[in-house]
Amino acid sequence: MTKFGSVLIQLATVDSTNNYAANLIQQGSCQDGSVIMADYQTMGRGQRGNSWQSVSGENLMFSIAFQSRLSIDQQIRISWYSAIIWQQCLLRFGIDAQIKWPNDLYVRGRKIGGILIEQQLNGTTLDWSILGCGINVNDTPDLVQATSIYQETGQRFKPLTVLTEFLDLLNGQQNLLFGDFFKLKRSFEEGMEWRNQLLQFEKKEGPSFEGIIRGVNEQGQLQVEVNGTMQSYGNQEIRFLLPRT
Ligand code: BTN
């Protein structure tokens, strides 16, 4: 089993901790479970080609490089598992966060953190996974509807304190990560917000439509009931608009 956090590299500034991890892997000098953390990223990346920006030293930004040895069709486990663990971790700070598919963390309709997973393949097996996480600890970016641990609790924490709790949970439940696939899928679905309610969706191409989120399929695609039939959508295909709170 991987020991997440077996090595901890703390950087003041880096382009992206995911890039730093990828370079270590490429150089053949990365130990399984290594964590790379930075106070500031000059080119932090988010999902869908977005950037990830954060004030220096106030928030948690890190990547974990690990050898999951999962086959390609099982890689969705990492995304589900990390979102579930973030939910549990935030609960340790008294925050009841929900997962916004595919793996964002939200509190009362505001984003508190996000995950960017990048994979390096070796044939049909995942050789290395890079799990990049950004969590708003003491500060919120102005660009999006966002919140932070401070905004939710009134307490300031060191980013490292939050990381320590996350790694503790991540290490402690690897039986969930590698065990029964459907148990993991169910746990993820239970953590998903905005299930079973009518929502407005926007397609990358084509008109917007209304539907009801029912869960995810085995590939991790969102299952949306549209006019009584179940449709599957990938992350790049659609986004849904949050109901007003
Ligand atoms: C998202 O919500 O779009 C995912 C955000 C992921 C941001 C983190 S910060 C640490 C790591 N390094 C990056 O460049 N991105 C991830």
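Scroll up a little and you will see the structure.
Residues numbered from 1 in each chain as written. Predicted model: local features only at pLDDT ≥ 70, side-chain atom pairs only at ≥ 80, totals over all residues. Heavy atoms only, no water.

### Quick word on the overall build of the protein
Defined as follows: Secondary structure elements are defined from DSSP: runs of H or I of at least 4 residues count as helices, runs of E of at least 2 residues count as strands, and each element is numbered from the N terminus. Note that the radius of gyration is over C-alpha atoms, with the globule rule given as 2.2 Å times the number of residues to the power 0.38. Pairs of residues are marked as contacts when any of their non-hydrogen atoms sit within 4.5 Å. For the accessible areas, the method is Shrake-Rupley and the probe is 1.4 Å, while residue cover comes only from the protein chains on display. Asp and Glu are treated as the negative residues and Lys and Arg as the positive ones, with His and the ends of the chain left uncounted. Charged side chains are reduced to one point each, which is NZ for Lys, CZ for Arg, CG for Asp and CD for Glu.
Helix and strand counts for the protein stand at 6 helices and 12 strands. A globule of 245 residues ought to have a C-alpha radius of gyration of about 18 Å, and the protein, at 18 Å, matches this closely. Along the first, second and third principal axes, the C-alpha set of the protein runs to 50 × 45 × 30 Å. Once local pairs closer than 6 in sequence are excluded, the contacts in the protein between residues at least 24 apart make up 64%. As presented, the protein carries roughly 11,800 Å² of accessible surface, and 45% of it is formed by carbon and sulfur atoms. Charge centroids of the protein, computed over 21 positive and 24 negative side chains, lie 2 Å from each other.

### Observations regarding the pattern of salt bridges
Under the convention used in this document: Here a salt bridge means any side-chain nitrogen of Lys or Arg lying within 4 Å of a carboxyl oxygen belonging to Asp or Glu. The buried label applies to any residue whose accessible area, calculated with a 1.4 Å probe on protein chains only, is under 20% of its type's maximum; exposed applies above 50%, and partly exposed to all values in between.
Applying the stated rule across the entire model yields 8 salt bridges. The salt bridge involving E152 is made with R108; its shortest N-O contact spans 2.7 Å. Here R108 lies in the loop between strand 5 (104-107) and strand 6 (110-122) and E152 lies in helix 3 (residues 149-153), a separation of 44 residues in the sequence. In this structure E152 comes out as partly exposed when scored by relative accessible area, which is 23%. When its relative accessible area of 53% is taken as the criterion, R108 is described as exposed. For E225, the salt bridge goes to R214, with nearest N and O atoms at 2.7 Å. Of this pair, E225 sits in strand 10 (residues 222-226) while R214 sits in strand 9 (residues 209-216), and the two are 11 residues apart along the sequence. Three or more residues joined by partner-sharing salt bridges are found here, namely R92, E165 and D168.

### Examining the site of the ligand
Which entries qualify depends on this criterion: Throughout, the term near means that a residue has one or more heavy atoms lying within 4 Å of the molecule or strand in question. Throughout this description, a polar contact denotes any pair of N or O atoms lying within 3.5 Å of each other; where both atoms belong to protein, one of them has to be capable of donating a hydrogen while the other can accept it, and for residues adjacent in sequence the pair is counted only when both atoms sit in side chains. Three residue categories are used. Nonpolar comprises Ala, Val, Leu, Ile, Met, Phe, Trp, Tyr, Cys and Pro, charged comprises Asp, Glu, Lys and Arg, and polar comprises the others, including Gly.
For the ligand, the set of nearby residues contains 20 residues, the closest of which are S16, Q41, R45, Q47 and K111. With respect to the ligand, the side chain of S16 contributes an N or O atom lying 2.7 Å from an oxygen atom. A distance of 2.6 Å separates an oxygen atom of the ligand from a polar side-chain atom of K111. The protein chains hide 98% of the 420 Å² of surface that the ligand would expose on its own. If you list the elements that add at least two residues to the shell around the ligand, you get helix 1 (17-26), strand 3 (60-66), strand 6 and strand 7 (125-135). At 4 residues, strand 6 tops the list of elements feeding residues into the shell around the ligand. For the shell around the ligand, the residue count by class is 6 nonpolar, 11 polar and 3 charged.

### As for the side chain of S34
Relative to the helices and strands, S34 resides in strand 2 (residues 34-41). Here Q31 takes part through its backbone oxygen, which lies 2.6 Å from a polar atom of the side chain of S34. Contact partners of S34, with chain neighbours within four places excluded, come to S6, V7, S63, I64 and A65.

Any functional reading would require information beyond the geometric quantities listed.
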